[in-house]
Amino acid sequence: MTESNSVAANRSASWLTAVRAAIVFVLLCGGLYPLLVTTAGKVMFPHQAFGSMIIVDDIAVGSELVGQPFTAPEYFHGRPSAANYDPFSVGGSNYAASNPDLRSRIAEDSDSIAQREGVAPDSIPVDLLAASGSGIDPHISPESAIVQAERVAKARDIPVSRVNELIARYTEGPTLGIFGQRRVNVLRINLALDGKESFD
Amino acid sequence: MNEVIIIYAVTLLLAWPLGKYIAGVFNGGKGTAGAVFLPVESGLYRLFGVDPSQPMSWQGYGKALLKLHLVLVLIIFGLLMAQGLLFLNPDGIGGMSWDLALHTAVSFLTNTNQQHYSGQAQLSYLAHTFGIVTLQVVTPAAGMAALVAIVRTLLGRSDKKSQPSSDGTVSVGNFYEDITRAVVRVMLPVAAVVALIIASQGVPNSYEGARTAIPLDQTAGMTEQNIPIGPVAPMVAIKQVGTNGGGWYGPNSSVPLENPTPVSNFVQTVSLVLIPAALVFALGFMTGRRRLAMVVMGVMVVMSVSLTSVAIWSENQPNAAFSGLAAEGPNLEGKEVRFGASATALWGSWTTQTSNGSVNGMHDSFNPIGGMIPMIDMFINVTFGGIGVGLIGFLLFLLLAAFLGSLMIGRAPEIAGKALETREMKLVCIALLIQPLLILGFSAITVAFPALTGNSNPGFHGISQVIYEYTSAFANNGSGFEGLGDDSVWWNVTCAVNLALGRFIPILAPLAVAASLAAKRSAPEGRGSLSIDTPTFGLMTLAVIVMFTLLSFMPVLILGPIAEALALMS
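Not measured: the values here are computed from a predicted model.

**Some remarks on the overall build of chain A**
Okay, step 1: Counting its regular elements, chain A contains 6 helices and 5 strands.
Okay, step 2: Order of helices (α) and strands (β) in chain A, N terminus to C terminus: α-α-β-β-α-β-α-α-β-β-α.
Okay, step 3: The globule rule puts the C-alpha radius of gyration for 200 residues at 16 Å, and the 25 Å found for chain A is more than 25% above it.
Okay, step 4: Scored against the burial criterion, the 200 residues of chain A give a buried share of 55%.

This is the structure we're talking about:
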């Protein structure tokens, strides 16, 4: 690092240059880039831009993308959540497979779901017992919905066939038959049960 | 399965033309793109006060890089401490503690994005955009600049830029020209395209504060649900394409607001590997050594596919804790229904092969073998690797393989016609050996004092949590076994040390090696010299990488994930 290096170009590497470049980069990358993209995104996709909210009779009842807690018998229930479905404290359980606390949580849930739905523990789909990564997974598998169909029908005093029909209608398949898994949006199917979502 | 194969194919097919484009950006940078971008760039040079045609020695280049980084880290550190007092903070979020702000600033400065905080609750919009997004654009560009400087000097066509001057000093290029082109022509355009695609899928785009909903089942105990939004899409896009990894929401791309659909998951997965793979092709286009680029790509793809296959197999096995209590099925603890086990395992493997570190499921809850793959990926860290630094790391292994290979065929060690001597090999060894030294050293100290670890899981997995955290820090990855209670002074400070050394030594040492080699008289590459662009040499390099990784890290893998897997089997 001798001063005599003919190509050391110390002028280009001065502290003043670094300060000026840093400030310009902060304004360009941290200011202009997000501002332009956010503005374009808001214009092109206004519904998505503000969290994909579902509005029923002028009231926001939730977001298509955010699961909610359900405990009443007349609703489909979602997956276990390590965050109690609070989007400000999102997170998974982070339990390792070897952690005894995971085993006891599943044992407890498996027992109560088996009783509630009147099925054997080994026929409960895995996703209904496994906590999601986000803690606000809006979906369950169609199998997990079918397990709950009889209880929902009984609580609402409607035929099971009608509930199963609704499950079939609300089951989304993989995109293009390739990307992603089959799934049911719990909030949307529950809104449909309440007659608050129009069928298309 | 089809999903995984298609994602691999699409990524490599897109990386080819992007690599060609990137090579053009740094080989003169004229043409159609030049007409658009050159005026922007000269405007920026005027604002910086630099003359981009001025060549720099490796020391000058390194100093310019370090100075810019030091100024940036001070700005961001201040921003994080003071965010509570500043504007663009609709949700009223307070400032960070000094140690958390230090760790966060260094973590993003080093392109790591290891997070000991949860963004939606602990960062204001000002800190998220001006602080975090700035570093997410600039740091991959800095990595790319360093790579270009090294490749230009080590393997470049003999042009005036890499010729020694009269006093023997070698120019490696101009740092500000390289980084500006990487920002303006590569990082920002690619990120903007990805941002708009994922915005269409539901990623929020707004400077307004959180939304409030009245949940449907009021008997479930939640009267109001507050949903954090923000200018999320631009950040998530650059997080994915810039091998950054730090997300808006704590659990990253597992959160449906950050990664809403299988389509957004597809785009974000491709984005993990896109630019790192494109740079390998760019290496071929820049230097005219296309066969060498194909050999490098071949080795990387072999490593990637074999490790990813193991992860996908493992996550499709049932989680041992569910046995007898649920129907047979893959391990879905910590995973999202819309993605499923295979797409999550693919992401987990790619994000650690590229030094990205974003996640779409919780690695802590992977099955033991599935959780071991990300650790191996990060030990290797050159399967694609971080933008710029991944390929720089691969070139180090290439030098080591050339050194050993030359000795094996009984010749004086050389690469590209330049003699590999003590000085170069010492630098290569320092750059390689500091990795096991730091990871194993810090892990040993931390495990020896259980009060420091902050483990959330007992037994062998507790050891894995500690090793994972330091490995992730040194590899500048940023993913974690996130149950770990890592927001403590011990974790924040020791990780910051690993982050900084894991970033700057692997950049500066190879830069010095390249300059040192370029200053030597070149022997013509003849029939007797070692060819580095053959499949045989690729195999040699692969063997060196595997041996180095196994010798360094096999013992800790046995203590952690392998012991856990065996214990669960019995």
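Still to come is the rest of the account.
**Re the overall build of chain B**
Okay, step 1: For chain B, the helix and strand inventory stands at 18 helices and 4 strands.
Okay, step 2: Whereas a compact globule of 570 residues would reach a radius of gyration of roughly 25 Å, chain B reaches 23 Å, a difference of no more than 12%.
Okay, step 3: In terms of principal-axis extent, the alpha carbons of chain B reach across some 80 × 60 × 45 Å.
Okay, step 4: Counting all 570 residues of chain B, 66% fall into the buried class.
Okay, step 5: Excluding contacts between residues fewer than 6 apart, the proportion of contacts in chain B whose partners are at least 24 apart in sequence is 79%.
Okay, step 6: Taken as two groups, the 26 positive and 29 negative side-chain charges of chain B have centres that lie 19 Å from each other.

**Here's the deal with the interface of chain B and chain A**
Okay, step 1: In this complex, chain B contributes 123 residues to the contact, which on the side of chain A involves 112 residues.
Okay, step 2: Together, the buried faces of chain B and chain A total about 9,200 Å²; carbon and sulfur atoms form 67% of this surface.
Okay, step 3: The largest share of the area that chain B buries against chain A comes from Leu216, Leu325 and Val337 of chain B, three residues that together contribute 9% of it.
Okay, step 4: The tally of links between chain B and chain A comes to 2 salt bridges.
Okay, step 5: Ionic pairing is found between glutamate 333 of chain B and arginine 105 of chain A, a salt bridge with its closest N-O pair at 2.7 Å.
Okay, step 6: Our enumeration of links across chain B and chain A arrives at 35 residue pairs in polar contact (both at pLDDT 80 or more).
Okay, step 7: Sort the elements by how many residues they give to the side of chain B that touches chain A and helix 7 (residues 175-201) of chain B lands first, with 12 residues.

**Let's talk about the side chain of asparagine 205 of chain B**
Okay, step 1: Note that asparagine 205 of chain B resides in the loop between helix 7 and strand 1 (211-213).
Okay, step 2: Among the residues examined, asparagine 205 of chain B registers a relative accessible area of 0% and is labelled buried.
Okay, step 3: Beyond its immediate stretch of four places on either side in the chain, asparagine 205 of chain B contacts Val37, Thr38, Gly41, Lys42 and Ala49 of chain A together with Ala199, Gly230, Pro231, Ala233 and Pro234 of chain B.

**Topic: a nonpolar patch on the surface**
Okay, step 1: On the surface, a nonpolar cluster with roughly 310 Å² of combined accessible area is contributed by Val19, Ile23 and Leu27 of chain A together with Ile75 of chain B.
Okay, step 2: The element best represented in the nonpolar patch is helix 1 (residues 15-44) of chain A, accounting for 3 residues.
Okay, step 3: With respect to the helices, strands and loops of the structure, isoleucine 23 of chain A is situated in helix 1.
Okay, step 4: When its relative accessible area of 44% is taken as the criterion, isoleucine 23 of chain A is described as partly exposed.

**A look at the packing of helix 9 (residues 262-287) of chain B against helix 11 (residues 340-353) of chain B**
Residues and elements named next belong to chain B.
Okay, step 1: Two elements in contact, helix 9 and helix 11, have axes separated by 9 Å at closest approach and are oriented at 25°. The angle between helix 9 and helix 11 places the two elements in the roughly parallel class. Judged by the twist between their axes, the crossing of helix 9 over helix 11 is left-handed. Where helix 9 approaches helix 11, its residues Asn265, Gln268, Thr269, Val270, Leu272 and Val273 are matched on the opposing element by Ala343, Leu346, Trp347, Trp350 and Thr351.
Okay, step 2: The residue makeup of the contact of helix 9 with helix 11, split by class, is 7 nonpolar, 4 polar and no charged.

**As for the domain arrangement of chain A**
Okay, step 1: Along its sequence, chain A is organised into domain 1 (1-50) and domain 2 (54-193).
Okay, step 2: For domain 1 of chain A and domain 2 of chain A, the distance between their C-alpha centres works out to 44 Å.

**Quick look at the environment of alanine 519 of chain B**
Residues and elements named next belong to chain B.
Okay, step 1: Secondary-structure assignment places alanine 519 in the loop between helix 17 (489-518) and helix 18 (535-569).
Okay, step 2: Overall, the relative accessible area of 39% leaves alanine 519 in the partly exposed class.
Okay, step 3: When the C-alpha atoms of alanine 519 and serine 171 are compared, they prove to be 9.6 Å apart, with 348 residues separating the residues in sequence.

**Structural notes on the pairing of strand 1 (residues 53-56) of chain A**
Residue and element names in this part refer to chain A.
Okay, step 1: Sheet topology note: the strand 1/strand 2 (residues 59-63) ladder contains 4 bridges and is antiparallel. Each residue of the ladder has a partner; that of isoleucine 55, found in strand 2, is alanine 60.
Okay, step 2: Joining the antiparallel neighbours strand 1 and strand 2 is a turn of 2 residues, in which aspartate 57 adopts a positive phi near 50°.

**What to know about helix 1 (residues 2-26) of chain B**
Residues and elements named next belong to chain B.
Okay, step 1: Between its first and last C-alpha, helix 1 extends 36 Å over 25 residues, near the 36 Å set by a 1.5 Å rise per residue.
Okay, step 2: Its axis deflected by about 25° at tryptophan 16, helix 1 carries its strongest bend there, up to four residues before the proline proline 17.
Okay, step 3: All buried positions along helix 1 are accounted for by Glu3, Val4, Ile7, Tyr8, Thr11, Ala15, Leu18, Gly19, Ile22, Ala23, Val25 and Phe26.
Okay, step 4: Just past helix 1, the residue glycine 28 takes up positive phi, approximately 100°.

**A word on helix 6 (residues 186-193) of chain A**
All names here are of chain A.
Okay, step 1: With 7 of 8 residues buried, helix 6 lies mostly within the body of the structure.
Okay, step 2: Along helix 6, the residues that are buried comprise Val186, Leu187, Ile189, Asn190, Leu191, Ala192 and Leu193.
Okay, step 3: Considering only its buried residues, helix 6 is in contact with strand 1, strand 2, strand 3 (139-140), helix 4 (142-156), helix 5 (160-170) and strand 5 (183-185).
Okay, step 4: Between a side-chain oxygen at the N-terminus of helix 6 and the backbone nitrogen of leucine 187 the separation is 3.2 Å; the capping residue is asparagine 185.
Okay, step 5: Backbone geometry just downstream of helix 6 places glycine 195 in the positive-phi region, at approximately 70°.

**Looking at the packing of aromatic side chains**
Okay, step 1: What the rule picks out here adds up to 15 aromatic pairs over all chains.
Okay, step 2: Plain terms: the ring middles of phenylalanine 70 of chain A and tyrosine 75 of chain A are 5.3 Å apart, the flat faces sit at 50° to each other, and that makes the pair tilted.
Okay, step 3: A residue is classified by how much of its surface remains accessible, and tyrosine 75 of chain A, at 8% relative accessible area, is buried.
Okay, step 4: Ring geometry for tyrosine 61 of chain B versus phenylalanine 175 of chain B: centroids 5.5 Å apart, planes at 80°, classification edge-to-face. Note that tyrosine 61 of chain B is positioned in helix 3 (residues 58-82) and phenylalanine 175 of chain B in helix 7, a separation of 114 residues in sequence.
Okay, step 5: On the basis of relative accessibility, which here comes to 0%, the residue tyrosine 61 of chain B falls in the buried class.
Okay, step 6: Residue phenylalanine 175 of chain B is classed as buried on the basis of its relative accessible area, which comes to 0%.

**Some points on the confidence of the model for chain B**
Okay, step 1: Looking at chain B, the pLDDT average stands at 94 and 97% of residues meet or exceed 70.
Okay, step 2: Looking at the elements of chain B, mean pLDDT is at its lowest for strand 3 (residues 414-415) of chain B, recorded as 86, and at its highest for helix 11 of chain B, recorded as 98.

**Some thoughts on the sheet that holds strand 4 (residues 171-172) of chain A**
Residue and element names in this part refer to chain A.
Okay, step 1: With antiparallel pairing, the 3 strands of this open sheet are ordered in space as 3-5-4. Edge positions in the sheet fall to strand 3 and strand 4, since each has one partner strand and no second.
Okay, step 2: Summarising the sheet, strand 3 and strand 5 pair through 2 bridges and their orientation is antiparallel. Residue pairing across strands places histidine 139 opposite asparagine 185, the latter belonging to strand 5.
Okay, step 3: Set on the sheet, helix 6 makes contact with strand 3 and strand 5; between it and strand 5 the angle comes to about 60°.

**Points about unusual backbone geometry**
Okay, step 1: In this structure, tyrosine 85 of chain A takes a positive phi of about 60° despite not being glycine.
Okay, step 2: With respect to the helices, strands and loops of the structure, tyrosine 85 of chain A is situated in the loop between strand 2 and helix 3 (100-117).
Okay, step 3: Residues other than glycine seldom take positive phi values, yet serine 355 of chain B does so here, at roughly 60°.
Okay, step 4: Residue position: serine 355 of chain B is located in the loop between helix 11 and helix 12 (368-380).

The rules behind these values
Residues numbered from 1 in each chain as written. Chains lettered and ligands numbered in written order. Predicted model: local features only at pLDDT ≥ 70, side-chain atom pairs only at ≥ 80, totals over all residues. Heavy atoms only, no water. Helix = DSSP H or I, 4+ residues; strand = E, 2+ residues; numbered from the N terminus. Rg over C-alpha atoms; globule rule 2.2 N^0.38 Å. Buried < 20%, exposed > 50% of the residue type's maximum accessible area, 1.4 Å probe, protein only. Contact = heavy atoms within 4.5 Å. Lys, Arg positive; Asp, Glu negative; His and termini not counted. Charge placed at Lys NZ, Arg CZ, Asp CG, Glu CD. Buried area = accessible area lost by both parts, 1.4 Å probe. Salt bridge = Lys/Arg side-chain N within 4 Å of Asp/Glu carboxyl O. Polar contact = N/O pair within 3.5 Å; in protein donor to acceptor, adjacent residues only side chain to side chain. Patch = residues over 30% accessible without salt bridge, like charges linked within 9 Å, V, L, I, M, F, W, Y side chains within 5 Å. Areas by Shrake-Rupley, 256 points an atom, 1.4 Å probe, with all protein chains shown as cover. Axes fitted to C-alpha atoms, helices over the stretch in contact; angles between N-to-C directions. Parallel < 35°, antiparallel > 145°, perpendicular 65-115°, else oblique. Left-handed = near helix turned anticlockwise from the far one by under 90°. Nonpolar A, V, L, I, M, F, W, Y, C, P; charged D, E, K, R; others polar. Domains from an automatic or database assignment. Pairing = 2+ DSSP bridges. Expected span 1.5 Å × (residues − 1). Bend = angle between axes of the 7 residues up to and from the residue. Phe/Tyr/Trp six-rings, centres within 6.5 Å; stacked < 30°, edge-to-face > 60°. pLDDT = per-residue confidence, 0-100.

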